[in-house]
Amino acid sequence: MKILVIGGGAREHALTWKLRESPSVERAWCMPGNAGIAALAECVAGNVGEVAKLAEIAQGLKPDLTIVGPEQPLVLGVAEEFEKRGLPMLGPTRAAARLEGSKVFAKEFMGRHGIPTAPLYGVFDDAGTAARALGRVNWPVVVKADGLCAGKGVLVTSLLDEARAFIERLVEKNEFGDAGRRVILEQALTGREISYIVLTDGEDFLPLAPARDYKRIFDGDAGPNTGGMGAISSDELVSGELEQLIQESIVRPTIGGLAHDGLRYVGFLYFGLMITDDGPKVLEFNCRLGDPETEALVMRMNFDLAVAAEATIAGTLARFRMVWRPAASASVVLASAGYPGKPQTGKRISGVPSVDSRRDVAVFHAATEVRDDIYYTSSGRVLTVAAAAGTLSEARLAAYDVANQIVFEGMQFRTDIGRESKQSART
Ligand code: AMP
Ligand code: GLY
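A short tour of the structure in this document, coming up. (Residues numbered from 1 in each chain as written. Chains lettered and ligands numbered in written order. Predicted model: local features only at pLDDT ≥ 70, side-chain atom pairs only at ≥ 80, totals over all residues. Heavy atoms only, no water.)

1. Topic: the packing of helix α5 (residues 94–101) against helix α6 (residues 103–113)
At step 1: Here α5 crosses α6 at 100°, and the two axes come no closer than 6 Å. When the axes of α5 and α6 are compared, the pair comes out roughly perpendicular. Two secondary-structure elements touch here, α5 through Ala95, Arg98, Leu99 and Gly101 and α6 through Lys103, Phe105, Ala106 and Phe109. (Axes fitted to C-alpha atoms, helices over the stretch in contact; angles between N-to-C directions. Helix = DSSP H or I, 4+ residues; strand = E, 2+ residues; numbered from the N terminus. Parallel < 35°, antiparallel > 145°, perpendicular 65-115°, else oblique. Contact = heavy atoms within 4.5 Å.)

2. Description of unusual backbone geometry
At step 1: Ala327 follows Pro326 through a cis peptide bond whose omega is -5°.
At step 2: Tracing the sequence through the fold places Ala327 in the loop between α11 (305–314) and β18 (328–335).
At step 3: Of note, the bond from Tyr339 into Pro340 is cis; its omega dihedral lies within 30 degrees of zero at 10°.
At step 4: For Pro340, the location among the structural elements is in the loop between β18 and β19 (348–349).
At step 5: Phi is positive for Asp373, close to 65°, though the residue is something other than glycine.

3. A few points about the sheet that holds strand β7 (residues 141–145)
The strands making up a sheet associate through hydrogen bonds between their backbones, and the pairing can be parallel or antiparallel.
At step 1: The four strands are arranged β6-β9-β7-β8 in an open sheet whose pairing can be described as antiparallel. Across the chains shown, the open sheet's two edge strands, defined by having one partner strand only, are β6 (120–124) and β8 (154–157). Ignoring strand direction, the axes of neighbouring strands in this sheet form an average angle of 15°.
At step 2: Strand direction decides the pairing type here: β7 and strand β9 (residues 183–187), joined by five bridges, are antiparallel. Looking at the pairing, Ala145 lines up with Val183 of β9.
At step 3: Here α6 sits on the sheet and contacts β6, β7, β8 and β9; the angle it forms with β9, its principal contact strand, is near 45°. (Pairing = 2+ DSSP bridges.)

4. Section: the site of ligand 1
At step 1: Contacts to ligand 1 come from 15 residues, most closely from Glu186, Leu189, Glu193, Lys215 and Glu284.
At step 2: Gln187 is positioned such that a nitrogen or oxygen atom in its backbone is 3.0 Å from a nitrogen atom of ligand 1.
At step 3: Alone, ligand 1 offers 470 Å² of accessible surface; in the complex the protein occludes 89% of this.
At step 4: Going through the elements one at a time, β7, β8, β9 and β17 (279–286) are the ones with two or more residues in the shell around ligand 1. (Near = heavy atom within 4 Å. Polar contact = N/O pair within 3.5 Å; in protein donor to acceptor, adjacent residues only side chain to side chain. Areas by Shrake-Rupley, 256 points an atom, 1.4 Å probe, with all protein chains shown as cover.)

5. Looking at empty space enclosed by the protein
At step 1: Summed over all chains, the structure comprises three cavities of 30 Å³ or more.
At step 2: Lining the largest cavity are 14 residues; nearest its centre among them are Lys103, Ala106, Leu283, Glu284 and Phe285.
At step 3: Grouping the amino acids of the lining of the largest cavity by side-chain chemistry returns six nonpolar, two polar and six charged.
At step 4: Quantified by volume, the second largest cavity comes out at close to 40 Å³. (1 Å grid on protein atoms, 1.4 Å probe; cavity = no way out; pocket = protein on both sides within 12 Å on 5 of 7 lines; lining within 4 Å. Points joined across faces, edges and corners; volume = space filled by probe spheres on them. Nonpolar A, V, L, I, M, F, W, Y, C, P; charged D, E, K, R; others polar.)

6. Let's talk about the layout of surface pockets
One water molecule sets the probe size; rolling that probe over the atoms shows where empty space is left.
At step 1: In this structure, the second largest pocket encloses a volume near 480 Å³.
At step 2: Every residue lining the second largest pocket is counted, 24 residues in all, and those nearest its centre are His13, Ala39, Val355, Asp356 and Val363.
At step 3: Counting residues per element, the ones that place at least two in the lining of the second largest pocket are α1 (10–20) and β20 (361–365).

7. Notes on α1
At step 1: By the criterion of burial, α1 is predominantly enclosed, with 10 of the 11 residues buried.
At step 2: Of all the residues in α1, the buried ones are Ala10, Arg11, Glu12, His13, Ala14, Leu15, Thr16, Trp17, Lys18 and Leu19. (Buried < 20%, exposed > 50% of the residue type's maximum accessible area, 1.4 Å probe, protein only.)

8. With respect to helix α8 (residues 160–172)
At step 1: An ideal rise of 1.5 Å per residue puts 18 Å on 13 residues; α8 measures up with 17 Å between its terminal C-alpha atoms.
At step 2: Among the residues making up α8, those that are buried are Ala163, Phe166, Ile167, Leu170 and Val171. The buried residues of α8 all sit within an arc of 115° when viewed along its axis, so they share a single face. For α8, the exposed residues lying more than 90 degrees away from the buried face are Asp161 and Glu172.
At step 3: One or two steps after α8, the chain reaches Asn174, where phi turns positive at roughly 50°. (Expected span 1.5 Å × (residues − 1). Arc of directions from axis to C-beta.)

Next up, the structure:
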């Protein structure tokens, strides 16, 4: 197989790394890729926001299979562009990707198909009306922009002024452009969050091992939200009973609902769940794999990801078996000073150990540049170190052991990835 991966972050590095292991993959490209991915695949220039162009470039390469990492090209219809050209693609159509691309659409979809989610107070395209509606909500309240905002379009707050100001930034100041022209207000849920991702061919599905990400910048979940500072995967995150409940009350109705509504969904479907006292509820859908969950998950995959992707596209997923390495993994993001605000970049990176030959630990690049064989930082999230082991605490130690060898000026990372999971074990 010749495989193309679309994207250029640590998630795509992890995917390419895993696909490269497959004996059935003879050639790999990544568009646009990055300095780390370049060691594993041919990086091809391309802008993930220009889907027709991506498909044209791909037509010249003729991959047997394309896997899309980020949401933007899917929401813009990259699947249709590939389909038009007869290029097999693992990723939902534009209409189905609206599950992530529009939170209003996702809420309506869940209402229609009886999928448990936070109660909705309303949808607003006018700041004044939304602000008045704040007089009728229970606090804390959740304010969400309708469209894609790279993780920055959600505010959970107990403060009226803060909620008002956020609504104004979205709806009036248009800080997120069209994505924030409509907002929803919903009830805040409490519980523990799980990233539950499945691979589906539109009919059957196979769940990946459960995961959790760490969204805040500082230890103890303090400070602002980021694109993700680390993740863990552990079988202990979800008991067998809870997993059955998640599948019956959420995953099956979602996949059935998509088919019922005529929305073709082939690819990874990510359920951002809150496990509440009243059962699991959907906070969000993503039409793709999570980042940095993927970096943790690939470390536990004891199966051929390329063959799994091929089976999904062929509609034969029901016959595929995913085998997960016991029992846990962790990924730790190394970020630049200033992140998640304005990151300082261009810093020389040293101490990246050579772990290429080990299967239990890996260093994935998100934003690096190479000049004269030296790596430099080029954006906020720079590298992700991931490790798997027989226990979560061993996986965590193995990841931190490597993270602590890496140095660049202003480097920041959380030191508590995977630490608290004992208290939050089985529900
Ligand atoms: P979303 O982009 O919808 O996943 O929201 C990002 C984050 O905001 C989630 O991972 C949660 O931590 C938080 N969040 C979203 N919706 C809710 C909710 N209804 N109650 C509590 N927290 C929420
Ligand atoms: N880690 C959450 C996401 O990828 O959206």
